[in-house]
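# Results of the structural survey
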Amino acid sequence: MSGFIDAHAKKRIHVAVGVVERDGLILLAKRPDHVHQGGLWEFPGGKVEQGETVEVALVRELSEELGIQANPSALIPLIQIHHDYSDKLVCLDVWRVPEFFGHPQGVEGQPVEWVPIEQLGLYQFPQANVPIIAALQLPQRYLITGSITDPEAGFHKLKAVCERAAIKLVRVRRSELTLDDYGILVMRFGAWCQQAGVHLMIDFELFTSLFKQNGSSAIDSLLQNGISGVHLRSRELLAVNSSESNEDEDGVSGALEAFSAAGGRLAASCHNKDEIEHAESSGMTFVVLSPIEAARSHDAGPELGWNAFRGLVAAAKLPVYALGGMTEASLEKVISFGGQGISAVSEWWHGETR
Ligand SMILES: Nc1nc2c([nH]c(=O)n2[C@H]2C[C@H](O)[C@@H](COP(=O)(O)OP(=O)(O)OP(=O)(O)O)O2)c(=O)[nH]1
Ligand SMILES: [Mg+2]
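Quick caveat, the model's predicted, so the values are computed rather than measured.

### Thoughts on the UniProt feature "binding site: 8-oxo-dGTP" (unreviewed entry) in the protein chain
- Within this structure's numbering, the places UniProt gives as "binding site: 8-oxo-dGTP" (unreviewed entry) are Arg31, His36, Glu42, Phe43, Pro44, Gly45 and Asn129. For this annotated set, covering 99 residues, all C-alpha atoms fall within 14.3 Å of each other, a compact arrangement in space.
- Summarising the element assignment, arginine 31 is placed in the loop between β2 (25-30) and β3 (41-42).
- Judged by relative accessible area, which is 22%, arginine 31 ranks as partly exposed.
- For arginine 31, the contacting residues outside a window of four places in its chain are His36, Gln37, Gly38, Gly39, Leu40 and Glu42.
- There is a polar contact of 2.9 Å between the side chain of arginine 31 and the backbone oxygen of histidine 36.
- One can find histidine 36 in the loop between β2 and β3.
- Discounting residues that sit within four places of it in the chain, histidine 36 has contacts with Arg31, Tyr85, Asp87 and Lys88.

Written out as structure tokens, the structure reads:
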């Protein structure tokens, strides 16, 4: 009974959070030791007061805490995270702040630091910030490859498409290749990705096979060879961490966890709320939600539509890419709806033939 009362007595707070950016650096502030989540680093911001919009609250908080004047019309929504701390429910409403006047200082005596995006992982943040860091480090475009019939041709096409469309995150699918040829292709392409600063996601099938052959040494070997992530189809996602699956007995779920702990990214294809929730509880870094519109490349069933996309993204506790009919022209809408960005096959892979 007391648990019931406690759950309802928990305070809910809406927090306006700002990612203040300048020249690829991000401003962090340290929370005082005595406050909630004290001693940890945070993105500056604070509670939205009654009658305020979140944008107004953010501009006010940045002025109070850092002494800067943010340009409200330049604010860009990044992500919204609902998080249940044992003593408090918070909704972090996170915005990029690319334009401001003044020199940020810790007005309340709090230490502040400018940090490169790729080094954010070195700082200790509150638990709710994990997906915020992921959202900042992930790009706005996630390429999914179409047909690849030969590893040599596939390698050259991948390089050309990534360069032409400025792709920094790519899911290379096995497609028509044998698993061996697919392994050869991703190892070769991984070496190129390391040089080019591209993040390569491979099929779960190859991850599983390498783990079964080589045990946990497969994890370091993938990361050292420029393979920075694993992408799970929805049915693969639902099978990991499930007591009914064989995967668990083979330790593959644990291997995914170890891969993630070593800095690897985990992604999953989702089509509804249940799958997104499963992705959250299985430690995925981000998800791809589809089909938002009718896909050009194949028939993926009835589309979810934009209202459903917006609702699912608002409830999600991780970055969400939109997939299905996405083009460069869809990006702005996806971002304004709180999504991470667009994922597509046709828009980039078939670009030169359209
Ligand atoms: N500003 C900020 N708050 C965060 C982050 N991550 C995170 O979990 N929080 C939580 C901690 C707090 O429970 C809540 C922010 O509330 P706060 O107490 O700092 O709010 P405030 O600045 O209005 O403070 P105050 O006027 O009440 O002193 O959100 C973050 O990155 N930035
Ligand atoms: Mg604050």
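Moving on, there is more to tell.
### Observations regarding the coordination of the magnesium ion (ligand 2)
- On the protein side, the magnesium ion (ligand 2) has Gly45 (O) and Glu65 (OE) as donor atoms, found 2.3 Å from it. Linking glycine 45 in strand β4 (residues 45-47) with glutamate 65 in helix α2 (residues 54-66), this pair joins segments that are 20 residues apart in sequence. Each member of the pair, glycine 45 as well as glutamate 65, carries the same accessibility label: buried.

### Some words on the environment of glycine 18
- Within the secondary structure, glycine 18 sits in strand β1 (residues 11-22).
- Excluding residues that lie within four positions of it along the chain, glycine 18 makes contacts with Phe43, Pro44, Leu58, Trp95 and Val97.

### Topic: the UniProt feature "domain: Nudix hydrolase" (unreviewed entry) in the protein chain
- Listed under "domain: Nudix hydrolase" (unreviewed entry) in the UniProt record, and renumbered for this structure, are residues 10-139.
- The span residues 10-139 carries 16% helix and 40% strand; its end-to-end C-alpha distance comes to 35 Å.

### Observations regarding the site of ligand 1
- Residues in close proximity to ligand 1 total 19 residues, the closest being His36, Phe43, Lys47, Tyr85 and Asn129.
- Side-chain polar atom of glutamate 42 to a nitrogen atom of ligand 1: 3.1 Å apart, as the coordinates give it.
- A distance of 2.5 Å separates an oxygen atom of ligand 1 from a polar atom in the side chain of tyrosine 85.
- For ligand 1, whose accessible area on its own is 630 Å², the fraction buried by protein is 78%.
- For the shell around ligand 1, the secondary structure elements donating two or more residues are β1, β4, α2 and β7 (88-97).

### What about the domain arrangement of the protein chain?
- Domain annotation for the protein chain reports domain 1 (2-120) and domain 2 (141-353).
- Inter-centroid distance (C-alpha atoms) of domain 1 to domain 2 is 30 Å.
- At the interface, 7 residues of domain 1 touch 9 residues of domain 2.
- On the domain 1 side of the interface with domain 2, the three residues burying the most area are Pro77, Ile79 and His82, jointly 56% of the side's total.
- Along the contact surface separating domain 1 from domain 2 lie 0 salt bridges.
- The interface formed by domain 1 and domain 2 includes 0 residue pairs in polar contact (both at pLDDT 80 or more).
- When its residues are assigned to classes, the side of domain 1 that touches domain 2 shows 5 nonpolar, 2 polar and no charged.

### As for helix α4 (residues 151-165)
- Taking 1.5 Å of rise per residue, the 15 residues of α4 would be expected to cover 21 Å, and the 21 Å separating its terminal C-alpha atoms lies within 8% of that figure.
- Those residues of α4 not exposed but buried are Pro151, Gly154, Phe155, Leu158, Val161, Cys162 and Ala165. Around the axis of α4, the buried residues are gathered within 140° of arc, so they sit on the same side.
- Against β10 (141-144), β11 (169-171), α5 (179-196) and α14 (346-349) lie the buried residues of α4.
- Capping the start of α4, aspartate 150 holds a side-chain oxygen 3.2 Å from the backbone nitrogen of glutamate 152, two or three residues further along.
- Just downstream of α4 lies alanine 166, where phi reads positive at about 55°.

### Considerations on the environment of asparagine 241
- Position of asparagine 241 relative to the elements: it lies in the loop between α8 (234-239) and α9 (246-249).
- A sequence separation of 13 residues divides asparagine 241 from glycine 254, and the C-alpha atoms of the two residues are 8.8 Å apart.

### Considering the state of the cysteines
- Throughout the structure, instances matching the rule amount to 0 disulfides.
- Sulfur of cysteine 162: no disulfide; nearest cysteine sulfur belongs to cysteine 193 and is 6.2 Å away.
- The class for cysteine 162 is buried, based on a relative accessible area of 3%.

### Describing the pairing of β2
- For β1 and β2, the ladder comprises 2 bridges, and the chain directions are antiparallel. Among the inter-strand pairings, glutamate 21 is bridged to a residue of β2, identified as isoleucine 26.
- What sits between the antiparallel neighbours β1 and β2 is a turn of 2 residues, in which aspartate 23 has the positive phi angle 50°.
- Where β2 meets strand β9 (residues 112-116), 5 bridges bridge the pair, whose relative direction is antiparallel. Of the residues in β9, the one forming a bridge with leucine 28 is glutamate 113.
- Judged from the 2 bridges that link them, β2 and β3 form a sheet pairing that is antiparallel. Each bridged residue has a counterpart across the sheet, and for lysine 30 the counterpart in β3 is tryptophan 41.

Scoring rules and cut-offs
Residues numbered from 1 in each chain as written. Chains lettered and ligands numbered in written order. Predicted model: local features only at pLDDT ≥ 70, side-chain atom pairs only at ≥ 80, totals over all residues. Heavy atoms only, no water. UniProt positions renumbered as here; feature names shortened; annotations may be inferred. Helix = DSSP H or I, 4+ residues; strand = E, 2+ residues; numbered from the N terminus. Buried < 20%, exposed > 50% of the residue type's maximum accessible area, 1.4 Å probe, protein only. Contact = heavy atoms within 4.5 Å. Polar contact = N/O pair within 3.5 Å; in protein donor to acceptor, adjacent residues only side chain to side chain. Donors = N, O, S within 2.8 Å, 3.2 Å for Na, K, Ca; no water. Near = heavy atom within 4 Å. Areas by Shrake-Rupley, 256 points an atom, 1.4 Å probe, with all protein chains shown as cover. Domains from an automatic or database assignment. Buried area = accessible area lost by both parts, 1.4 Å probe. Salt bridge = Lys/Arg side-chain N within 4 Å of Asp/Glu carboxyl O. Nonpolar A, V, L, I, M, F, W, Y, C, P; charged D, E, K, R; others polar. Expected span 1.5 Å × (residues − 1). Arc of directions from axis to C-beta. Disulfide = S-S within 2.5 Å. Pairing = 2+ DSSP bridges.

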